[in-house]
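# Geometric and topological summary
Here is how the chains run, residue by residue.
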Amino acid sequence: MGNAELHSIHVHPVKAFRGQSPREAVVEPWGLAGDRRWTLIDDGGKVVTQRQQPRLALAAAELLPGGGIRLSAEGREPVNVPVPEPVGTTTLDVFGDKVEAVLADATAHAWCSDYLGAEVRLVHMDDPATRRPVDPDFALPGETVSFADGYPLLVTTLASLKALNSLIAQGDHAHEGPLPMNRFRPNAIVSGTAAWAEDDWSRIAIGEVTFRVARMSGRCVVTTTDQVSAERGKEPLRTLGRHRRFGGQLVFGQNLVPESPGTLRVGDPVIVLE
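Worth saying up front: this structure is predicted, and the values here are computed from it rather than measured.

Counting secondary structure elements, the protein contains 3 helices and 19 strands. Computed over its C-alpha atoms, the radius of gyration of the protein comes to 18 Å, within 12% of the 19 Å expected for a compact globule of 274 residues. Its C-alpha atoms give the protein principal-axis dimensions of about 50 × 40 × 35 Å. In the protein, the proportion of contacts linking residues at least 24 apart, taken out of those at least 6 apart, comes to 69%. Summed over all atoms, the accessible surface of the protein reaches about 11900 Å², with 51% contributed by carbon and sulfur.

With that settled, the discussion passes to the pattern of salt bridges. Applying the stated criterion across every chain, the model contains 15 salt bridges. The closest approach of N and O atoms between Lys-46 and Asp-93, which form a salt bridge, is 3.6 Å. Here Lys-46 is found in the loop between β4 (38-42) and β5 (47-48), whereas its partner Asp-93 is found in strand β9 (residues 90-94), with 47 residues between them in sequence. A relative accessible area of 14% places Asp-93 in the buried class. Between Arg-203 and Glu-259 there is a salt bridge, and its shortest N-O distance comes to 2.9 Å. Remark: Glu-259 occurs in the loop between β17 (249-258) and β18 (262-265) and Arg-203 occurs in strand β14 (residues 203-206); sequence separation between them is 56 residues. For Arg-203, a relative accessible area of 23% gives the class partly exposed. For Glu-259, a relative accessible area of 37% puts it in the partly exposed group.

Cut-offs applied
- Residues numbered from 1 in each chain as written.
- Predicted model: local features only at pLDDT ≥ 70, side-chain atom pairs only at ≥ 80, totals over all residues.
- Heavy atoms only, no water.
- Helix = DSSP H or I, 4+ residues; strand = E, 2+ residues; numbered from the N terminus.
- Rg over C-alpha atoms; globule rule 2.2 N^0.38 Å.
- Contact = heavy atoms within 4.5 Å.
- Areas by Shrake-Rupley, 256 points an atom, 1.4 Å probe, with all protein chains shown as cover.
- Salt bridge = Lys/Arg side-chain N within 4 Å of Asp/Glu carboxyl O.
- Buried < 20%, exposed > 50% of the residue type's maximum accessible area, 1.4 Å probe, protein only.

Structure representation (structure tokens):
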């Protein structure tokens, strides 16, 4: 594993929207700077993702200086959304967690609702240091996360994707493969490992930053959503169910919690510490 390195970095400013692939990113305790600090909620306060709205794959969000975002989608005027003033919070439901966040402006709600054809509101996590703890079964006291599914960072490897695609090619839905990595929406993609090497990691260093490996990443229906067409298929869940079932979860990738601050850069060496 001596030649493993950081192949690419991915930041998703709004949960479930298309993200960006910068050459470097600052690591904050709750995830990459700017990653999933915004999310959509429905009129009942529940988070809205590609699980309910696959078309979110076709909308893009990019970071603006100061933490605001620019939303865009084909055939629509883009809209710039400033960071809202934290004058008061609204309570939302993130997979059963009650979390406080600040509502964006009415223009942002209107743009997102119009795009989806459903009433939604856009919210911003004003203080990720206090708003949402990581699952206590897999966290240390005080560890928090943004609006990511559960952990600050998700890492995947190119070798495991290649192995998965070769398994898909042997299955009933071979015509759906090979799948690109964006189906899994990782933050960090590593090259130069053996397939499934990440199963055995418990601590790693990427460049100057060390991470605790919290747990394997259980996958959901979002992975079956083509991130270019928003159409759904059967893969990779069909193949993961046959070959990558661990404790009732279909697994691809590892969830990471940063142990130290720093900056990730494409090309950084990846070293397994434990």
